[in-house]
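Single-letter residue listing:
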Amino acid sequence: MRERVFSGGNLLQISMPIGGIGAGCIGFNGIGGLQDFSIRNHPERSALPDGHGFSQSAFALLRVGGDHPVTRLVEGPFPPEKIYAQGLKAQGFRESGHEGLPRFRKCRFFGAYPFGRVELGDPSIPLEVTVEAFNPFIPGDAVASGLPCAILEYRFSNSTPEPVPLEFSYHLSHPVFPDGKGAEEAAPNTVIDERGVSFASAGDPSSARFGSATLSVVGQAASVKASWFRGGWFDGISVLWREVSEGRFEANDGSFDAGTGSPSGAIEGSSGRLGGSVMVRALLQPGKSLTVPVVVCWHFPNVDYVYPAPESRPESSCCEEPTAWHPFYTSIWKDARAVEEYVQVHYADLKARTEAFRDALFSSTLPPAVLDAISANLGILKSPTVLRQANGNIWGWEGCFAEKGCCHGSCDHVWNYAQAMPHLFPDLERTLRHQELERSMDERGHVDFRSSLPDGPTSHRFRAAADGQLGGILKVYRDWQISGDTAWLAGLYPRVKRSLDYCIETWDPEFKGILSEPHHNTYDIEFWGPDGMCNTIYWAALVAMEKMAEALGRTEEARPYQDLARLCAANLRIALFNGEYFIQRVEWENLRDSAIRDALAKEGERETPAQALLRVEGPKYQYGSGCLSDGVIGLWMARLYGLDTSPLQDEARSHLQAIHRYNFRKDLSEHANTQRPGFAMGPEGGLLVCSWPKGGKPTLPFPYSDEVWTGMEYEVASYLIAEGMVEQGLEIVEAARARYDGRARNPWDEYECGSYYTRAMSSYALLQAYSGFRYSAVSKTLWFDPKAAVRPFACFFATASGYGVIRLTAKSLTVSMREGRLEIDRVRLGAEGAEQVYDWEVKVPAGKTRRLML
């Protein structure tokens, strides 16, 4: 297995999200600890560079016996870059401070998402110590993959000739009231059998602060300290350290009245509102190992925020109750104790199935950087970016700020790029189609590109996003092909048609086959006049609509879209292709939209500098003659989803080559970027959003044009690879992942407008591009066209009915199912247009392999 390995200064920024889909997560950091407890239905990340938040404390201690007992915090060396922040923390009564305990001296981090593993070493500890963190990740099983828990496996191995007595303990400050606010509403902590501690609220059950959590071990009998002792200051952890290091850890049942640890009540404070601990004792014989799984579960059933704000929502959908909605996991488990019990019963199966997924994914014979990019961004699905409501519907941010999500509403033009969920959890992805076409579309066909939370209608007060709404047509086609559910398509078809007809009437009102009227897009502005980016999506949407109409027997309805698609392809070639790449033809004088004419026609007013610029250059925030990295995004989507791109393939290949030639920089030291340079800067490499190789850069180009976005880098790289330009695509991927090296950036958090940014899930397209794997559940046809010359070539795949590994040698093709099943009627092997076609009617069940001889 090809894990990515980090050590030294490259451990600094690591925080791997460990949690459930739509359930929140905890970060597993580079030195083996936990941070960023985003478990209360919103992100919670420290504004300080220490990465531990302000109050939550979770840590393990190991004491090894003998004549001279030694105790260590089971974490690696504390990064010196974070030391300054320790003095900036407001100590108060917070239950943190374990950062200053004696630690292991050596540390390495191994990442293969959804697992992270830390190897620790210390000359005073006669054991080999590893910590492995994960949360169940099982393609197709969104319930198991949505468990609100984080799991840490501590493994101790004795390679010495003598038995080693050890005491392993784990300690967790109160997860429901970590900052002490509202702690008077906490119920006393209680013991869970001989394995853990339960934390809970005793306050208003409808409050957003109401919740529960557990700390427990799996498969081991443990001593349980349900409540910590504390005086009046921040001395809870110091007392714990003395108890553990001196070998006098004492269990209690949490029924103390005061922080003295006795019923006397002599010192102010209640230990029931503090943390809890578990301890496992063992005598580890030579050559033996001990594994202790530690599980932290949480359950916060009430969410009190809505989007958009109530004052801007339709009256029928305003939420006046304190509880606006509930997370999905609350429909399965009543509290954290129920989650913990489920994990206890199913632990071995959950881990084995997650390992099976990881092993299948990492058995792919893809270049390391490609596999790294694909796997690392799966963490976005487990991050606070993704929410899931009790009815099962997905709702997403664009990304996450430190304490709240950013840019609400499953923004359709950002989610256009994300390719992981539709393949790994297609049932969840299809809820977004209903969100767009049922709850976010009005009678005209206008789709509000930011949907409401909880489910409900939107206000439709802002313009639609052309790239997002047209991309939604394509995503319906994609999801139909993945699911094979033609009845589902038929049910949505009238709304899909209404959506596309609105796009035509709004942006191509004269049916010329080109979008010219001002159209909003992912750059948060309007493009005036036709451009390659949105018009390639327009062309692809028209083709997809034609195919869907024909599949439903609506041939007469298909014909107008077919005719418009032909016109659109011709316009792209003739009006927008400059012989090397697609450009934008900026227009504003002959359009229906009169906003600019009105601005220029203000009689009697002194002309402003903005109006003067408008007369010379036209509307601000355009790209004109620029080479846009998104310039053929519609053709990228069409190719991924199985639409024939041959009418524009030559121009697309030329545009891709131009992107690599002009926009990819191996070294950005000479590049001026005053926008958000933190994405890529200095000697780092990256792909610019846009460049102007032939001149003509506007005075005010569109926002973000000088930036570098990983979501766009993977889009371009995967399209290059799919078209056979493998080296160029790989060069872009390697530059992107080199930036996320653990020192400057977190390898499991590709950010744009916030952390865990949705657009970065375009990296899953690298798997599709490099393997050429595609499966249509409609026709039961499998396509496979590996871009690597090496044989055997193996690659992970996921379909709606199961996942596995496909392998190609010179003589055979084999399909091995890890879970689920796959029905195949036909295999199309090789490059499009030159495939070898095999009729192969097989059913591959779980755990079985079928071989096709070539």
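Preceding this section is the structure that the text describes.
The sections below set out a description of the structure shown in this document.

The biggest cluster of nonpolar side chains holds 236 residues, and the ones touching the most others in it are Leu62, Phe156, Tyr170, Tyr523, Trp539 and Val815. In terms of residue count, the dominant contributor to this core is helix H10 (residues 532–551) (13 residues). Ignoring sequence-local partners within four residues, the contact set of Leu62 consists of Val70, Thr71, Arg72, Val74, Phe104, Ile125, Leu127, Val129, Phe156, Leu166, Glu167 and Phe168.

Attention now moves to the packing of helix H8 (residues 466–483) against H10. Running from amino to carboxyl end, H8 crosses H10 at an angle of 40°, the nearest separation of the two axes being 9 Å. Here H8 is positioned oblique relative to H10, judged by the angle of their axes. Remark: the crossing between H8 and H10 carries left-handed chirality. Taken together, the residues of H10 that come into contact with H8 (itself represented by Asp467, Leu470, Gly471, Ile473, Leu474, Val476, Tyr477 and Trp480) are Met533, Cys534, Ile537, Tyr538, Ala540, Ala541, Ala544, Met545, Lys547, Met548 and Ala551. When its residues are assigned to classes, the contact of H8 with H10 shows 16 nonpolar, 1 polar and 2 charged.

Moving on: the packing of helix H9 (residues 486–507) against H10. Orientation of H9 relative to H10, taken along the N-to-C sense of each, is 145°, at an axis distance of 11 Å. Crossing geometry of H9 relative to H10 is assigned as left-handed. Residue-level inspection shows Leu489, Tyr493, Val496, Lys497, Leu500 and Ile504 of H9 in contact with H10, the latter providing Tyr538, Ala541, Leu542, Met545, Met548 and Ala549. Partitioned by chemical class, the residues of the contact of H9 with H10 number 11 nonpolar, no polar and 1 charged.

In this section: unusual backbone geometry. Cis geometry marks the peptide bond from Tyr307 to Pro308, where omega comes out at -10°. Mapped onto the fold, Pro308 is located in the loop between strand E17 (289–299) and helix H3 (336–362). Leu453 connects to Pro454 through a cis peptide bond whose omega is 0°. Within the secondary structure layout, Pro454 lies in the loop between helix H7 (426–439) and H8.

Okay, the packing of aromatic side chains next. Counting across every chain of the model gives 38 aromatic pairs. Measuring from centroid to centroid gives 6.3 Å for Tyr305 and Trp397, while their planes differ by 45°, and the two rings are tilted. Note that Tyr305 is positioned in the loop between E17 and H3 and Trp397 in the loop between strand E19 (394–396) and strand E20 (399–400), a separation of 92 residues in sequence. In this pair, the class of Tyr305 matches that of Trp397, namely buried. On the basis of an interplanar angle of 35° and a centroid distance of 5.7 Å, the ring pair of Tyr523 and Trp709 is categorised as tilted.

Another point: H3. Note that an α-helix has 3.6 residues per turn; residues three or four places apart therefore point the same way. The terminal C-alpha atoms of H3, which comprises 27 residues, lie only 32 Å apart, well short of the 39 Å expected from a rise of 1.5 Å per residue. The sharpest bend along H3 comes to roughly 75°, located at His346. Of the residues flanking the start of H3, the one acting as N-cap is Asp335, its side-chain oxygen 3.2 Å from the backbone nitrogen of Arg337.

A few words on helix H11 (residues 555–576). When the terminal C-alpha atoms of H11 are compared, their 30 Å separation across 22 residues agrees well with the 32 Å that a helix rising 1.5 Å per residue should span. Inspection of H11 places Ala558, Tyr561, Leu564, Ala565, Cys568, Ala569, Asn571, Leu572 and Leu576 among the buried residues, and these make up the whole buried set. Here the buried face of H11 lies against H9 and H10.

Checked against the element boundaries, Gly802 lands in strand E31 (residues 802–808). With relative accessibility at 12%, the residue Gly802 sits in the buried group. C-alpha of Gly802 to C-alpha of Leu424: the two residues are 378 residues apart in sequence and 8.9 Å apart in space. Apart from the residues within four sequence positions on either side, Gly802 is in contact with Met817, Glu819, Gly820 and Arg821.

Each value, and the rule that gives it
Residues numbered from 1 in each chain as written. Predicted model: local features only at pLDDT ≥ 70, side-chain atom pairs only at ≥ 80, totals over all residues. Heavy atoms only, no water. Core = buried A, V, L, I, M, F, W, Y, C linked by side-chain atoms within 4.5 Å. Buried < 20%, exposed > 50% of the residue type's maximum accessible area, 1.4 Å probe, protein only. Helix = DSSP H or I, 4+ residues; strand = E, 2+ residues; numbered from the N terminus. Contact = heavy atoms within 4.5 Å. Axes fitted to C-alpha atoms, helices over the stretch in contact; angles between N-to-C directions. Parallel < 35°, antiparallel > 145°, perpendicular 65-115°, else oblique. Left-handed = near helix turned anticlockwise from the far one by under 90°. Nonpolar A, V, L, I, M, F, W, Y, C, P; charged D, E, K, R; others polar. Phe/Tyr/Trp six-rings, centres within 6.5 Å; stacked < 30°, edge-to-face > 60°. Expected span 1.5 Å × (residues − 1). Bend = angle between axes of the 7 residues up to and from the residue. Polar contact = N/O pair within 3.5 Å; in protein donor to acceptor, adjacent residues only side chain to side chain.

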